[in-house]
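# What the coordinates show
Here is what each chain is made of, one letter per residue.
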Amino acid sequence: MRRYAPLLLCGWIWCAQAASPEPAAPVQEGTLANQKLIQDAMVGVAAWVATKGCQAPERFVPVVLEPSRGEPGSRYWQERWTVIGCGAEYPVVIDFRETGLESAMWTIAR
């Protein structure tokens, strides 16, 4: 069994790497969010970046990774906001989902 342990470990590492998706290529620059949703999400994104060690983000660069799908009031899409600050870049992937015609929610995916 001991001689198979390194082989099993290598197989496990290979599977773990294969399971982690590559970052999606942007389909368009900018954001699909309205100004209110941008402001709401920006607070959460800045807090997430602060946990990574950057207390003073300088710039947010959004790109759309998945175009909007669904009917008005229940559309969903994904964006990556690259936060630039503290001498580094922090890519933040955000899932957006409308929860009605005048409301939406967001979740940091990774």
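Details of the structure are given in the entry above.
Residues numbered from 1 in each chain as written. Predicted model: local features only at pLDDT ≥ 70, side-chain atom pairs only at ≥ 80, totals over all residues. Heavy atoms only, no water.

A sheet is described by the order of its strands in space; here five strands give the open sequence β1-β2-β3-β4-β5, paired in antiparallel fashion. Two strands in the sheet have a free side with no partner beyond their single neighbour: β1 (28-29) and β5 (103-108). Across 10 bridges, the pairing between strand β3 (residues 76-85) and strand β4 (residues 88-100) is antiparallel. Following the sheet pairing, R80 is matched in β4 by V93. Where helix α2 (residues 35-51) meets the sheet, its contacts fall on β2 (57-69), β3, β4 and β5, and the angle it forms with β4 comes to roughly 140 degrees. (Pairing = 2+ DSSP bridges. Helix = DSSP H or I, 4+ residues; strand = E, 2+ residues; numbered from the N terminus. Contact = heavy atoms within 4.5 Å. Axes fitted to C-alpha atoms, helices over the stretch in contact; angles between N-to-C directions.)

Counting across every chain of the model gives one disulfide. Paired through a disulfide, C54 and C86 show a sulfur-sulfur distance of 2.2 Å. Across the S-S bond linking C54 and C86, the dihedral sits near 80 degrees, which makes this disulfide right-handed. You can see C54 sitting in the loop between α2 and β2 and its partner C86 sitting in the loop between β3 and β4, a full 32 residues away along the chain. Looking at C86, the relative accessible area reads 40%, which means it is partly exposed. (Disulfide = S-S within 2.5 Å. Buried < 20%, exposed > 50% of the residue type's maximum accessible area, 1.4 Å probe, protein only.)

Counted by the stated rule, this structure contains three aromatic pairs. Seen in terms of ring centroids, W77 and F96 are 5.2 Å apart; in terms of plane orientation they differ by 15 degrees. Their pairing is stacked. With W77 in strand β3 and F96 in strand β4, this pair connects stretches of sequence that are 19 residues apart. In this pair, the class of W77 matches that of F96, namely buried. Ring plane angle 40 degrees and centroid distance 6.1 Å describe the contact between W81 and F96, whose orientation is recorded as tilted. Note that W81 is positioned in strand β3 and F96 in strand β4, a separation of 15 residues in sequence. For W81, a relative accessible area of 2% gives the class buried. What makes F96 buried here is its relative accessible area of 2%. (Phe/Tyr/Trp six-rings, centres within 6.5 Å; stacked < 30°, edge-to-face > 60°.)

The subject of this paragraph is the pattern of salt bridges. For the coordinates displayed, the defined rule picks out three salt bridges. Between E98 and R75 there is a salt bridge, with its nearest N and O atoms 2.7 Å apart. Taken together, the residues E98 in strand β4 and R75 in the loop between β2 and β3 connect sequence positions 23 residues apart. With a relative accessible area of 31%, R75 lands in the partly exposed category. (Salt bridge = Lys/Arg side-chain N within 4 Å of Asp/Glu carboxyl O.)

Checked against the element boundaries, T82 lands in strand β3. When its relative accessible area of 16% is taken as the criterion, T82 is described as buried. Not counting residues up to four positions away in its chain, the partners in contact with T82 are R59, F60, V61, E89, Y90 and P91.

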